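Structure at a glance
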Amino acid sequence: MRIIIMDDDQSLRYTLSEIFTFAGWDPIAYPNGREGIKGFLNHGADIILVDYHMPEIDGLETVRLIREQNQQIPILVLTVDERQEIADRFLDAGATDFALKPVKAPDLIARVQLHKRLLDMTKTVQATSKMQYEVFVTKGISEMTLSYIERHLSASKQPATVEEISKELSLAVPTIYRYLTYLVQNGKVRPIASYQKIGRPKNRYCWI
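Presented here is a report on the structure given in the accompanying data block.

Conventions we followed
- Residues numbered from 1 in each chain as written.
- Predicted model: local features only at pLDDT ≥ 70, side-chain atom pairs only at ≥ 80, totals over all residues.
- Heavy atoms only, no water.
- Buried < 20%, exposed > 50% of the residue type's maximum accessible area, 1.4 Å probe, protein only.
- Helix = DSSP H or I, 4+ residues; strand = E, 2+ residues; numbered from the N terminus.
- Pairing = 2+ DSSP bridges.
- Right-handed = clockwise from strand over helix to strand, strands pointing away.

Now for the pairing of strand 4 (residues 75-79). Across the 5 residues of strand 4, 5 count as buried, placing the element largely inside the fold. With burial as the criterion, each face of strand 4 is covered, one bearing Ile75, Val77 and Thr79 and the other bearing Leu76 and Leu78. As paired elements, strand 3 (residues 47-51) and strand 4 share 4 bridges and run parallel to each other. Pairing of Leu49 across the sheet is with Leu76, part of strand 4. Following the backbone out of strand 3, through helix 3 (residues 59-69) and into the adjacent parallel strand 4, one traces a crossover that is right-handed. Inspection of the sheet shows strand 4 paired to strand 5 (residues 97-100) by 4 bridges, in the parallel sense. The partner of Val77 across the bridge, within strand 5, is Phe98. At this point the chain moves from strand 4, through helix 4 (residues 84-93), to the parallel strand 5, and the crossover so formed is right-handed.

Pasting the structure below:
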């Protein structure tokens, strides 16, 4: 599996390359989005990792430019910024998920494996139906990721928090929150306030 890494931090490019090589994959690292996009168009890839803050072209514009060329390839955003508004901007641009810095190898490997499986499922649907599979049901919502989350929630017996669902599914917290919001708006999931001993109540989510 070929993985393209776009990050201006040389030490992080080296670390990520070592992690992916150890996992048996083929990493190719680029110092910015411009070179990374050119490398992707010339050589292809199975997964792309994009840093948020980069010179010349930042991560958000890089994601947009990649999506103009390819609607399916999983794009994971590397960032230290966990704000939901930033996540929403990336998801609207076409990002698939997030990998938070500092990077933890087991978490990153699990996330990459998950998105490769989801991509393979998309390709299987295309081959079976002999028609173009609709990748995005609405802006920032991938059909395959949505189906993956829906199956988990419908099979769960107990309501769970965003953090619990994130851990169980190997998807980032901002991604889970975005999809849960979509499912609540569409009447498929119900939030339940869970009152803690200290602090504000935290929502748990259950399938309706």
